[in-house]
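Examining the three-dimensional arrangement
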Amino acid sequence: ALRNRVPILKALLKLLPNEELIGDACEVGAGTGALLEVLAPGFPGIQWLPTEYVPQDPVEVENQWAAHGKIGRRLGSELETLDAHLQPFANVLPSVAVDLLDENWFEAVGSLDLLVCCNVLHVSPWACSEALFEG
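Overview of the structure.

The rules behind the values
- Residues numbered from 1 in each chain as written.
- Predicted model: local features only at pLDDT ≥ 70, side-chain atom pairs only at ≥ 80, totals over all residues.
- Heavy atoms only, no water.
- Helix = DSSP H or I, 4+ residues; strand = E, 2+ residues; numbered from the N terminus.
- Buried < 20%, exposed > 50% of the residue type's maximum accessible area, 1.4 Å probe, protein only.
- Contact = heavy atoms within 4.5 Å.
- Areas by Shrake-Rupley, 256 points an atom, 1.4 Å probe, with all protein chains shown as cover.
- Polar contact = N/O pair within 3.5 Å; in protein donor to acceptor, adjacent residues only side chain to side chain.
- Pairing = 2+ DSSP bridges.
- Right-handed = clockwise from strand over helix to strand, strands pointing away.
- Salt bridge = Lys/Arg side-chain N within 4 Å of Asp/Glu carboxyl O.
- Arc of directions from axis to C-beta.

Looking now at the overall build of the chain. Per the secondary structure count, the chain includes five helices and four strands. Counting from the amino terminus, helix and strand elements in the chain follow one another as α-β-α-β-α-α-β-β-α. Counting over 135 residues, the chain shows a buried share of 36%. For the chain, long-range pairs separated by at least 24 residues make up 64% of all intrachain contacts whose partners lie at least 6 apart in sequence. By element, 55% of the accessible surface of the chain is carried by carbon and sulfur atoms, the whole surface being about 8000 Å².

Structure, rendered in structure tokens:
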């Protein structure tokens, strides 16, 4: 996320160039919040909802990549880490847990104007890709 966040921001600014753009957006799989650190100030009129997969059984930091494709050091739980990193941004809501393999995952995010998913599908099972588009 650290390497691709500026190119993603630039691409989204081309697609959504209106600086006065308002609405509700969600980032699926926000990880440690690195992408939202640039999206939130880049789109100040959008209210962002960060989400992250939270495994039922905690995994040691050194095994997070192998078990769940997670990188980056967490300060506590996945959601505590997100909220701590994104607390300075007034247009970022408290994070919520989302499991794309839960058939009702979209209920956790509610009605949206924009959904961003940039750092998930390449490290998750194919079923997550299918569920994202079905939701």
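Now for the side chain of Asn 91. Within the secondary structure layout, Asn 91 lies in the loop between α4 (78-86) and β3 (96-97). Within the structure, the side chain of Asn 91 is placed 3.2 Å from the backbone oxygen of Phe 43, a separation counted as a polar contact. Once residues within four sequence positions are removed from consideration, Asn 91 is found in contact with Ala 40, Phe 43, Pro 44, Ile 46, Gln 47 and Trp 48.

Glancing now at the side chain of Asn 119. Turning to its location among the elements, Asn 119 is positioned in the loop between β4 (114-116) and α5 (126-134). Side-chain polar atoms of Asn 119 contact the side chain of Asn 4, separated by 2.9 Å. Residues contacting Asn 119, with those up to four places away along its chain left out, are Ala 1, Asn 4 and Leu 35.

One ladder, built from five bridges, connects strand β1 (residues 23-27) with strand β2 (residues 46-52); its direction is parallel. Counted as the bridge partner of Asp 24 is Gln 47 from β2. Taken together, β1, helix α2 (residues 36-42) and β2 form a β-α-β motif whose crossover is right-handed. By the bridge criterion, three bridges tie β1 to β4 in an arrangement that is parallel. Within β4, the position partnered with Cys 26 by the bridge is Leu 115.

Here we take up the pattern of salt bridges. Within this structure, the stated rule accounts for one salt bridge. Arg 5 is the salt-bridge partner of Glu 37, the closest N and O atoms lying 2.7 Å from each other. Here Glu 37 is found in helix α2, whereas its partner Arg 5 is found in helix α1 (residues 5-15), with 32 residues between them in sequence. A relative accessible area of 28% means that Glu 37 is categorised as partly exposed. The exposure class of Arg 5 is buried, given its relative accessible area of 18%.

The subject of this paragraph is α1. Listed as buried for α1 are Arg 5, Ile 8, Leu 9 and Leu 12. The buried side chains of α1 occupy one side of the element, clustering within an arc of 100 degrees when seen end-on. For α1, exposure combined with an orientation more than 90 degrees from the buried face picks out Lys 10 and Lys 14. Elements in contact with the buried residues of α1: α2 and β4.

So far we have only geometry, and geometry alone does not tell us how the molecule works.
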